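The chain contents come next:
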Amino acid sequence: MDLLALPEHEHRWPENIYAADGIIHNIYNAAIRMLRSNDAEPTRVAYHYDALSVEALPLLEAIESDSSPDDYRLLRDWLLACARLIGEAATMLKDISQNRHEETIAQSNVTIPELVTLNHQRHQGCSNKIIDLDFVSEALSNQHHILLPDLA
């Protein structure tokens, strides 16, 4: 699951290709290290996903568009392999992010009470608003330390 090295060139590749290759490898390796660790903190997952999709893939596209036809023939398989591996890593990160989001929702014990309900009447006009006075009195009790302006 490692990125391939740049293919051999009869002369040296331009420096910008070596620089882009180094950046792409660093971004990809950091994402793979995060995937292999058990630390799938949502912020880190999002950071690595963005780095792959916003930095690494555009660099591959830049290499492709800036290459001469002869260089492109040498780089074509390398570009495709790198794009495939980066895409697979990004997909794994997206899956982890989605799974974490679903787990968080499933484990959530927070319920949001309905303080005000609408009583729709048969004829047109304004609906009656019914306020849950038991909840308001509980919220204003001394044990919660909530002031009336804060509750409002």
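Note on numbering: residues in each chain are counted from 1, in written sequence order. Where local features are concerned, this predicted model is filtered to residues with pLDDT of at least 70; where side-chain atom pairs are given and counted, the filter is 80 or more; whole-chain, interface and lining totals use all residues. Side-chain calculation: all heavy atoms of the structure are included, whereas hydrogens and water are not.

### Thoughts on the pattern of salt bridges
A side-chain nitrogen of Lys or Arg and a carboxyl oxygen of Asp or Glu constitute a salt bridge if their distance falls within 4 Å. Inspection of every chain in the model, using the stated rule, returns four salt bridges. Between Asp-70 and Arg-73 there is a salt bridge, with the nearest N and O atoms lying 2.8 Å from each other. Remark: Arg-73 and Asp-70 occur in helix α3 (residues 69–107); sequence separation between them is three residues, near one turn of the helix. Across the pair Asp-77 and Arg-76 runs a salt bridge, and its minimum N-O distance is 3.3 Å. The classification of residues rests on relative accessible area computed with a 1.4 Å probe and restricted to protein chains. Under 20% of the type maximum is buried, over 50% is exposed, and intermediate values are partly exposed. Classification of Asp-77 by relative accessible area gives exposed; the value is 55%. Taking relative accessible area as the criterion, Arg-76 reaches 40% and is therefore assigned partly exposed. Numbering goes from the N terminus for both helices and strands, where a helix is a DSSP run of H or I of at least four residues and a strand is a run of E of at least two.

### Comments concerning the side chain of Ser-67
Note on placement: Ser-67 falls in the loop between α2 (42–66) and α3. Using a relative accessible area of 15% as the deciding quantity, one classes Ser-67 as buried. For Ser-67, the side chain forms a polar contact with the main-chain oxygen of Ile-63, separated by 2.5 Å. Dropping the residues within four chain positions of it, Ser-67 is found in contact with Tyr-72 and Leu-75. Residues adjacent in sequence count toward polar contacts only when both atoms are side-chain atoms; beyond that, a polar contact is any pair of N or O atoms within 3.5 Å, and within protein one must be able to donate a hydrogen and the other to accept it. Note on definitions: a residue-residue contact is assigned when non-hydrogen atoms from the two residues lie within 4.5 Å.

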